[in-house]
Structures are given as structure tokens and as C-alpha cells.
Amino acid sequence: MAESTIRILVAIKRVIDPYVAIRVKDDNSGIDDHNVKKTINPFCAIALEQAVQFKEQGIASEVVVVCIGDDSCNESLRTALALGADSAIHINTNQTESDDVTNITPLKIAMLLSVLTIQNKSDVVLMGKQSIDGDNNQTPQMLAGILDCPQATYASEINYDNPSILDELIVTREVDGGLETLAVKVPCVISCDLRLNTPRFASLPNIMKAKAKPLTSISLQEFIEKNSVQYPSLENLIKTTSQTILHYNAPKPRTAGVMVDNVDALIDKLSHEVKVI
């Protein structure tokens, strides 16, 4: 590829707001999200911001945002459109086995995204490095594997050498003990880390404009039926998930702190009571 602009697909996930206290159900079967505020996964918001910045710089010609989940995902997609995306795609999992977040495994998400990437002729897929609920950190890598294209994970900076021929992106990624800079050929998959940028807030005029932007919604079952002939791997999505979460446990409440008189008393407690040294 040697184009002057690129088409970007941004995958987002709707999660419980990170500033809301999480409650475990009484039977420990899951998280109680009834009447709990939800939002775009923070790392996904960073990926979206990067895509919008590329469009503002004239590097991207189109930004398409996709979300897989129940009806409530429409709210997050409208927010993404207000933040600068051009169009949105919603794969609706209502009334399917995959409506349960524990059944939407990273591999199933990657399979869906691979088809959407091909159908939209996307040159770059931007994603958060992980969601703050599942914390799997697997979907970007699996997607790159399915598409057989380059990947750059934990991106803290994304640049380009020649804006007139965007066949390569320069990605700085965070690794243990420092930074690593990669040159990845387009098409590629990039997962975004916390320090890549600071997401903007949607203005009221843009929120109003977002209502007129295209948002395509299709049920998961219908999506599989329409595309399974061309993409047989989609049939795997209706199979029973290969992983099961047995139970959830809330973290133990923190105990009150203890005041010590001197350093010797502190060392004694750490050594004999806490046993960390």
C-alpha cells in the first residue's frame, strides 16, 4: 500500500465507569451492573482520540468505530461519533449466548473484527491495549494473527515519516525498562497505551451533529448468517465458549493502619507480623 490517506477502524468496548465502585453479586456469579454508569473503555477512548487526530491532520480519510454488545452500546457509539468518528457499526448481541460478557471471548471478538476490517477495507485498526473489566489484553494480538498483518502493542506514540506515502507507521511502545520503536507496514493493528494522548470531551454542537451520522446496527446472528459462506470461521461464534468464569470474589476490606514509635518497631512488624521482609 502507498496511499496519501488511510482508513482507520477503531474498536471500542462499553464498560463500567472506572470511577464507580464495583459490586459483586450476592451469589458471586458476576458483577452487579444494574443501574451502574457505563462508558467507553478508557484505553479505547485513547485509540479513538488518536484516529480523530490523524483525520484532523489529513492522514486519515475515514474513521469507522465498531462496538460489540447489547443495545446500550448505541450510547457509546453516539459518543464516539460526537468525538469525531465518521460512522459507526454495532454488532448487537442481545438474545444470544454472547450477550453475557463472560461468553464474548477475545478470540470471538477478534474473529468478528477481522471480517469488519476486510469489509471496510481498513488500513489501520486502532484498539485499546485491554479493557478494564476483563483485563485480557489478547484481542489486538489475536486480530493481527487472524489478518496475518503486522502489529504494535502498548503504543505510547504513533508517527509517520512521509505523509504523502503512508505505507509505514513509526510506533513507540513501552517495554520493561524503557521504550522500543518499531516501523510497521500498513495494513496493521495497533493497541494503544495510557500515555499516547489525552482524550477530548464531546462538545454540545458535535453531540447534536452525531445524531445525523450513520450508525449501522446488525444482530450477531444475522451478521453470521450473511457472512458465514465467505468467512466460515464465523460459525465458531455460535459454539459454546471454551472458557467459563466460576465465580467472582470482592477484594478483602483494608484493615486500619497502625502507628509505630520508631523504625525498629516498623521493621519488627514487617518481619514478624506481616512477613514481607
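The coordinates are above.
Please read all numbers here as calculations on a predicted model, not as lab measurements.

Trainee: Talk me through the overall build of the protein; I want residue IDs and the actual numbers.
Mentor: Along the backbone of the protein there are 7 helices and 11 strands. Taken along the three principal axes of its C-alpha coordinates, the protein extends 70 × 45 × 40 Å. Per-residue burial over the protein gives 41% buried out of 277 residues. Long-range pairs, those at least 24 residues apart, make up 68% of the contacts in the protein with a sequence separation of at least 6. Counting only carbon and sulfur atoms, one obtains 52% of the accessible surface of the protein, whose full area is about 15,400 Å². Here the protein carries 25 positive and 35 negative side-chain charges, and the mean point of each set is 4 Å from the other.

Trainee: Go over the pairing of strand β8 (residues 168–175), please, and point to the residues and values.
Mentor: Taken together, the 4 bridges between strand β7 (residues 151–159) and β8 define a ladder with antiparallel strand orientation. The residue bridging Glu157 from the neighbouring strand is Thr172, located in β8. When β8 meets strand β9 (residues 178–185), the two strands line up antiparallel, connected through 8 bridges. Bridging across to β9, Ile170 finds its partner in Ala183. As consecutive antiparallel partners, β8 and β9 are separated by 2 residues, and within that stretch Gly177 has a phi angle of approximately 85°, a positive value.

Trainee: Quick rundown of the pattern of salt bridges? Include the residues and the values.
Mentor: Pairing is possible between side chains of opposite charge, provided their charged atoms come close. Summed over the entire model, instances satisfying the criterion amount to 15 salt bridges. For Asp33, the salt bridge identified is with Lys38, shortest N-O distance 3.1 Å. Across the pair Glu180 and Arg173 runs a salt bridge whose closest N-O atoms are separated by 2.8 Å. The exposure class assigned to Glu180 is partly exposed, which follows from its relative accessible area of 33%. It is possible to trace a salt-bridge network through shared partners that takes in Glu49, Glu56 and Arg200.

Trainee: Give a description of the sheet that holds β8 that names residues and reports values.
Mentor: Pairing is mixed in the open sheet, where 9 strands are placed in the order β9-β8-β7-β10-β6-β1-β4-β5-β11. Whereas interior strands pair on both sides, the edge strands pair on one side only; in this sheet they are β9 and β11 (215–219). Across this sheet, the average inter-strand angle for adjacent strands is 35°, counted without regard to direction. Lying over the sheet, helix α6 (residues 220–227) contacts β5 (87–92) and β11, oriented at roughly 85° with respect to β11.

Trainee: I'd love a proper account of the packing of helix α3 (residues 106–119) against helix α4 (residues 139–147), names of residues and values included.
Mentor: Where α3 meets α4, the closest approach of the two axes is 8 Å, and the angle between their N-to-C directions is 50°. Considered as vectors, α3 and α4 are oriented oblique to each other. Our pair here, α3 against α4, has a crossing hand that is right-handed. Here Pro106, Leu107, Ile109, Ala110, Met111, Leu113, Ser114, Thr117 and Ile118 of α3 lie close against α4, whose contacting residues are Thr139, Met142, Leu143, Ile146 and Leu147. The residue inventory of the contact of α3 with α4, partitioned by class, reads 11 nonpolar, 3 polar and no charged.

Trainee: Tell me about the state of the cysteines, residues and numbers included.
Mentor: Here, the word disulfide means a covalent bond between the sulfur atoms of two cysteines. With the rule as written, the count across this model stands at 0 disulfides. Of the cysteine sulfurs around Cys44, a residue in no disulfide, the closest is that of Cys67, at 8.2 Å. Cys149 supplies the cysteine sulfur nearest to Cys188, a cysteine that is in no disulfide, at a spacing of 6.8 Å.

Trainee: Could you give an account of α3, with specific residues and numbers?
Mentor: Counted at 1.5 Å a residue, the expected span for α3 with its 14 residues is 20 Å, and the 20 Å between its end C-alpha atoms agrees. In terms of residue burial, α3 counts as a mostly covered element, since 11 of its 14 residues are buried. Taken as a whole, α3 has its buried residues at Pro106, Lys108, Ile109, Ala110, Met111, Leu112, Leu113, Ser114, Val115, Leu116 and Thr117. On its buried face, α3 is in contact with β1 (6–12), β4 (60–69), β5, β6 (124–128), α4 and α6. Positive phi shows up at Lys121, right after α3, with a value of about 55°.

About the criteria used
Residues numbered from 1 in each chain as written. Predicted model: local features only at pLDDT ≥ 70, side-chain atom pairs only at ≥ 80, totals over all residues. Heavy atoms only, no water. Helix = DSSP H or I, 4+ residues; strand = E, 2+ residues; numbered from the N terminus. Buried < 20%, exposed > 50% of the residue type's maximum accessible area, 1.4 Å probe, protein only. Contact = heavy atoms within 4.5 Å. Areas by Shrake-Rupley, 256 points an atom, 1.4 Å probe, with all protein chains shown as cover. Lys, Arg positive; Asp, Glu negative; His and termini not counted. Charge placed at Lys NZ, Arg CZ, Asp CG, Glu CD. Pairing = 2+ DSSP bridges. Salt bridge = Lys/Arg side-chain N within 4 Å of Asp/Glu carboxyl O. Axes fitted to C-alpha atoms, helices over the stretch in contact; angles between N-to-C directions. Parallel < 35°, antiparallel > 145°, perpendicular 65-115°, else oblique. Left-handed = near helix turned anticlockwise from the far one by under 90°. Nonpolar A, V, L, I, M, F, W, Y, C, P; charged D, E, K, R; others polar. Disulfide = S-S within 2.5 Å. Expected span 1.5 Å × (residues − 1).

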